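# Fold and geometry: a report
The primary structure of each chain is shown beneath.
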Amino acid sequence: MKKLPAKCGRVAVIGAGPGGMAAALSVHQAGHDVVLFERYPHARPAGNILNLWPPPIKALGLLGVNTEDLGAPCTAEFRNARGRRRVRAALPEQVVRDYGGGFIGLLRPELYERLLDALPKGVLQVKHTVERVEQDESGVRLHLADGRVHEADLVIGADGIDSLVRRTLWGDSPKREHNLHIFGGYTFDESVETEPGMCVLSHTRTVQGSWTAIRDKGRDGHQWWLLEAFEASREFTGDLHSTATSLGQAFARPLPQLIAATDSAHVQHWVIRDRKPLKQWSKGRATLVGDAAHPTSPYAGYGAGMATEDGYFIGRHLAGVDLSDYAAVHQALDAFEAPRKPHTARQSQQAYVLGQVFHHAPRALQPIRDAVLDRTPLMQKVVGDSTPRSILTQLSEIDRAEARFTALLGLGEPHGTAS
């Protein structure tokens, strides 16, 4: 896609995760000069396992990212430990056909590689640590660790749960401990038989055990993960693979077999935490995307996806905007975040609640909870029906944003705002 003819502004993005790279791509397509600062020697994924729903896949394609054979098409089901289905997240056949499944399973490094391949030369600046951000109505100044000062018209904080930009705009706030931890891994062992094209999320009384198909660089495989309650103040010192093996024994095939087939080097562990959703993301000439704005538990399966959507939408809302005009920037940022906040807050909060329901319910209430989930349509309504509705809503939002953007492509002069 060609860049939008516009009065060129200067945008700085901090953090080269999915949200930051998507923002850089979208801002570049909008016709502005963009620099993407990454403090590490290269853009590096935090973890391996990943799922993407159709909206971020659609956004990636519109941003010029190659999505051909990016992941394995999957249909998601929640089941109890005995294999009885509780929830099926069913999307319309056309959506499944257009986007290769209800969602796709992949490994995070391949997504990073494809995003990096799409970035224009010179946009990504690695080994650049931003230590301080200042702004006023005239512009933004980023103070780098090497003493240089980078000036821009707008800064986008894509710098994760410990975001410097978030802290600069809104002060510090405590992380919300879920008191859960997760073990995850992947294997390309072809000897393990599974249901093709499935993501199965199962629960015992206290543990979630899940697996899904993946594709990575043309190879078919599987990823898996297990969650259980874990006091966040403790340090986990056990062996990752053996602990995952023990937790996985309570589940039906093929989860124990997938864990057994996984190389110990491909098993990871992390403690789950987030922050409560912000009421406002933007201030002045600065805004937030991804985990900087709405860090989300893996229970949503949507963290990287929502970050990618954020990056797409911010660029679309900056299309045609004169970034030297403080009022126009303020209006564009408000238009960007207004529809994003309820969507991301709902996903984040639902993920938190599901983690508490499945892993922190009092022992005496666990049988009652499981009976309700097994014998009533409650979970189907809460998760199985609401998630597809949310997905369809986001696809429609992208269609509307792209229609506005495409219309602007033919304009020779910038408008005050693209909202």
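This structure is a prediction, so every number in the text was calculated from the model and none was measured.

Analysis parameters
Residues numbered from 1 in each chain as written. Predicted model: local features only at pLDDT ≥ 70, side-chain atom pairs only at ≥ 80, totals over all residues. Heavy atoms only, no water. UniProt positions renumbered as here; feature names shortened; annotations may be inferred. Helix = DSSP H or I, 4+ residues; strand = E, 2+ residues; numbered from the N terminus. Expected span 1.5 Å × (residues − 1). Bend = angle between axes of the 7 residues up to and from the residue. Core = buried A, V, L, I, M, F, W, Y, C linked by side-chain atoms within 4.5 Å. Buried < 20%, exposed > 50% of the residue type's maximum accessible area, 1.4 Å probe, protein only. Contact = heavy atoms within 4.5 Å. Pairing = 2+ DSSP bridges. Axes fitted to C-alpha atoms, helices over the stretch in contact; angles between N-to-C directions. pLDDT = per-residue confidence, 0-100. Salt bridge = Lys/Arg side-chain N within 4 Å of Asp/Glu carboxyl O. Phe/Tyr/Trp six-rings, centres within 6.5 Å; stacked < 30°, edge-to-face > 60°. Lys NZ or Arg CZ within 6 Å of the ring centre and 35° of its normal. Parallel < 35°, antiparallel > 145°, perpendicular 65-115°, else oblique. Left-handed = near helix turned anticlockwise from the far one by under 90°. Nonpolar A, V, L, I, M, F, W, Y, C, P; charged D, E, K, R; others polar.

### A word on the UniProt feature "domain: FAD-binding" (unreviewed entry) in the chain
In the numbering used here, UniProt assigns the "domain: FAD-binding" (unreviewed entry) feature to residues 11–348. When the span residues 11–348 is considered, its composition is 30% helix and 31% strand, and the gap between its end C-alpha atoms is 28 Å.

### Quick word on helix 9 (residues 326–359)
The periodicity of an α-helix, 3.6 residues per turn, causes residues three or four places apart in sequence to face the same way. In a regular helix each residue adds 1.5 Å, so 34 residues correspond to 50 Å; helix 9 covers 47 Å between its end C-alpha atoms and thus fits that length. The largest bend along helix 9 reaches roughly 35° and is located at R340, with the proline P342 sitting one to four residues downstream.

### Section: the nonpolar core
One finds L52, L142 and I156 to be the most contacted residues of the largest nonpolar core, which totals 97 residues. When residues of this core are assigned to their parent elements, the largest contribution, eight residues, is made by helix 9. Excluding residues within four positions of it along the chain, I156 makes contact with V11, A12, V13, I14, A23, V27, T287, V289 and I314. Counting residues in hydrophobic clusters, the runner-up holds 15 residues, among them F183, W224, L247 and F251.

### Section: the sheet that holds strand 17 (residues 286–288)
The sheet built from five strands is open, its strands ordered 7-2-1-11-17 with parallel pairing. Edge strands, defined here as strands with exactly one partner in the open sheet, are strand 7 (124–126) and strand 17. Shown here is a sheet whose adjacent strand axes are inclined to one another by a mean of 20°, direction ignored. Bridge count for strand 11 (residues 154–157) against strand 17 is three bridges, and the pairing is parallel. Its bridge partner lying in strand 17, G157 is registered against L288.

### Notes on the sheet that holds strand 9 (residues 139–144)
If you trace the three strands from one edge of the open sheet to the other, you get 8-9-10, paired in antiparallel fashion. Edge positions in the sheet fall to strand 8 (130–136) and strand 10 (149–152), since each of these pairs with one other strand and no more. Pairwise comparison of adjacent strand axes, ignoring direction, gives a mean angle of 20° for this sheet. Where strand 9 meets strand 10, four bridges bridge the pair, whose relative direction is antiparallel. When the bridges of strand 10 are listed, V140 appears paired with A152.

### Some details on the confidence of the model for the chain
Summing up the model confidence of the chain, the mean pLDDT is 93 and the portion of residues at 70 or higher is 96%. Ignoring residues within four places in sequence, the model shows residues 411–419, a span with pLDDT below 50, making 21 contacts including any to other chains.

### Re the pattern of salt bridges
The tally for this structure, following the rule as stated, stands at 29 salt bridges. Across the pair R273 and E177 runs a salt bridge, and its minimum N-O distance is 3.1 Å. Of this pair, R273 sits in strand 16 (residues 267–274) while E177 sits in strand 12 (residues 176–187), and the two are 96 residues apart along the sequence. R316 is the salt-bridge partner of E402, the closest N and O atoms lying 3.2 Å from each other. Taken together, the residues span a long stretch of sequence, with E402 in helix 11 (residues 378–409) and R316 in helix 8 (residues 303–318) at a distance of 86 residues. Residue E402 is classed as buried on the basis of its relative accessible area of 10%. Assessed through its relative accessible area of 4%, R316 is described here as buried. In the salt-bridge network here, residues are joined through shared partners; they are R82, R86, R205, R369, D370 and D374.

### Observations regarding the pairing of strand 11
Because side chains alternate across strand 11, one face comprises the buried residues L154 and I156, and the other comprises V155 and G157, equally buried. Bridge count between strand 1 (residues 10–14) and strand 11: four bridges; the pairing is parallel. Considered in strand 11, the bridge of I14 is made with G157.

### So, the side chain of S297
Tracing the chain through its elements places S297 in the loop between strand 17 and helix 8. For S297, a relative accessible area of 1% corresponds to the buried category. Once residues lying within four places of it in the same chain are set aside, the contact partners of S297 are H178, I272 and A351.

### Quick look at the packing of aromatic side chains
Per the counting criterion, the structure on display carries seven aromatic pairs. Measuring from centroid to centroid gives 6.3 Å for Y299 and F358, while their planes differ by 5°, and the two rings are stacked. Residue Y299 is found in the loop between strand 17 and helix 8, and its partner F358 is found in helix 9; the two are separated by 59 residues along the sequence. Residue classification places F358 among the buried positions, given a relative accessible area of 2%. Through a chain of ring-to-ring contacts, three or more aromatic side chains come together here, namely F183, F230 and F236. Taking NZ or CZ as reference, R44 lies 3.7 Å from the ring centre of Y40, over its face. When the ring centre of W170 is taken as reference, the NZ or CZ atom of K283 above it lies at 4.2 Å.

### Description of the packing of helix 9 against helix 11
At their nearest, the axes of helix 9 and helix 11 sit 12 Å apart, and the two run at 155° to each other. Relative to helix 11, the element helix 9 lies roughly antiparallel. For the element pair helix 9 and helix 11, the recorded crossing hand is left-handed. Across the interface between the two elements, R340, H343, R346, Q347, Q350, L354 and F358 of helix 9 pack against M379, V382, V383, S386, T387, S390 and Q394 of helix 11. Of the residues in the contact of helix 9 with helix 11, the class split is five nonpolar, seven polar and two charged.

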